[in-house]
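Fold and geometry: a report
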Amino acid sequence: RQQPIVPGSGQTLPPLPAASVMRRRYGGLISFILCVMLPIAFAVVYYGFIASSQYVSEFRFSVKDTSIGGSSGASSVLAMVGTAGMGIGTENYLVTDYLSSRQAVEDLQDRIGVIDLYSRSDVDWLSRHDSLQPMERFVRYWQKMVSTSYDQVTGIATAQVRAFTPQDALLIANTMVTLSEDLVNQISNRTRRDAVSFAEKEVERAQDRLRRARTQLTENRSRAVGDRDPN
């Protein structure tokens, strides 16, 4: 029967077997290599020799109502910082949300074939999108390549898009600006049409009230003339 070791009795634990110590050392070394050294080595090789270069194109815009000052009355998206303070916050938010949405992807695909730009054979295999994948997969891919933000203080929205050539980045950014202008003008035109429709209905209701008032007035006059007629 093994006697327990009493603290302070001068007894010490027996040393671990050498094989157990070596296994622990080798296990720690293998874990360090797998968890630290291997990912670092992979990142160095990938980003140093395999990864395709990516280029960022950025544009800033603020939505303003050009009806101020007697202009055409349409709203527009201006890729200029100088329009700060004139922005319409709600429309800025709508545009920034639109740029990362599926609808924007479909519009870009119709305009410039954006999926093909990210499926080039010269793009590295880890960054390249598989054009055979469904649209939902590319929407998730697109949301990683584009970023949007809106500053409430300055009234300026910022959009950035990444691509694998400078020409593609510029083409996509310019198309995004055009699509944003189209979106804002559609919203503005819809609002204007709704306002005109509401005004037309109000005019029709006012005309109906006027006709009823005239009819009532004519009846009252006829009734008053009949009361004064002795025959």
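If you're wondering where the values come from, they're calculated on a predicted model, not measured in any experiment. (Residues numbered from 1 in each chain as written. Predicted model: local features only at pLDDT ≥ 70, side-chain atom pairs only at ≥ 80, totals over all residues. Heavy atoms only, no water.)

**Re the packing of aromatic side chains**
So the rule is basically this: We call Phe, Tyr and Trp rings a pair once their centres come within 6.5 Å, taking the six-membered ring for Trp, and we label the pair stacked below 30 degrees between planes, edge-to-face above 60, and tilted otherwise.
According to the stated counting rule, one finds seven aromatic pairs in the structure shown. In textbook terms, an aromatic cluster arises when at least three aromatic residues are bridged by ring pairs, as seen for Tyr118, Phe138, Tyr141, Trp142 and Phe164.

**Details of the packing of helix α3 (residues 102-112) against helix α5 (residues 135-145)**
Counted only if it meets this: Axes here mean lines fitted to C-alpha atoms, for a helix over just the part in contact, with angles spanning 0 to 180 degrees between N-to-C directions. Strands are runs of DSSP state E lasting at least 2 residues, helices are runs of H or I lasting at least 4, and numbering of each runs from the N terminus. Geometric relationships in this document are graded by angle, where less than 35 degrees denotes roughly parallel, more than 145 denotes roughly antiparallel, 65 to 115 denotes roughly perpendicular, and other angles denote oblique. Note on contacts: a residue pair qualifies if any of its non-hydrogen atoms lie within 4.5 Å across the two residues.
Between α3 and α5, the shortest axis-to-axis distance is 10 Å and the interhelical angle comes to 105°. When the axes of α3 and α5 are compared, the pair comes out roughly perpendicular. Residues Arg102, Val105, Glu106 and Leu108 of α3 pack against Met135, Glu136, Phe138, Val139 and Trp142 of α5.

**Points about the pairing of strand β3 (residues 146-151)**
Defined as follows: One requirement defines pairing of two strands: DSSP has to find at least two bridges between them.
Of the pairings in the sheet, the one linking β3 to strand β4 (residues 156-163) comprises six bridges and is antiparallel in character. Its bridge partner being in β4, Tyr150 is matched across the sheet by Ala157. Counting the residues between successive antiparallel strands, the hairpin from β3 to β4 contains four residues, one of them, Gly155, with a positive phi of roughly 75°.

**As for a nonpolar patch on the surface**
The condition is simple: Each patch is built from salt-bridge-free residues with over 30% relative accessible area, joining like charges within 9 Å and nonpolar side chains (Val, Leu, Ile, Met, Phe, Trp, Tyr) within 5 Å. Method for areas: the Shrake-Rupley scheme with a 1.4 Å probe, in which residue coverage is limited to the protein chains shown. Any Lys or Arg side-chain nitrogen found within 4 Å of a carboxyl oxygen on Asp or Glu counts as a salt bridge.
A cluster of nonpolar side chains, Tyr26, Leu29, Ile30, Phe32, Ile33, Leu34, Val36, Met37, Leu38, Ile40 and Val44, forms an exposed patch at the surface whose accessible area comes to about 1000 Å². Within the secondary structure layout, Leu34 lies in helix α1 (residues 18-50).

**Quick notes on the environment of Phe59**
Along the chain, Phe59 turns up in strand β1 (residues 55-65). Distance from Phe59 to Met176, taken between C-alpha atoms, is 9.4 Å for residues 117 residues apart in sequence. When neighbours within four sequence positions are excluded, Phe59 is seen to be in contact with Leu99, Ala157, Thr158, Ala159, Ala173, Met176 and Val177.

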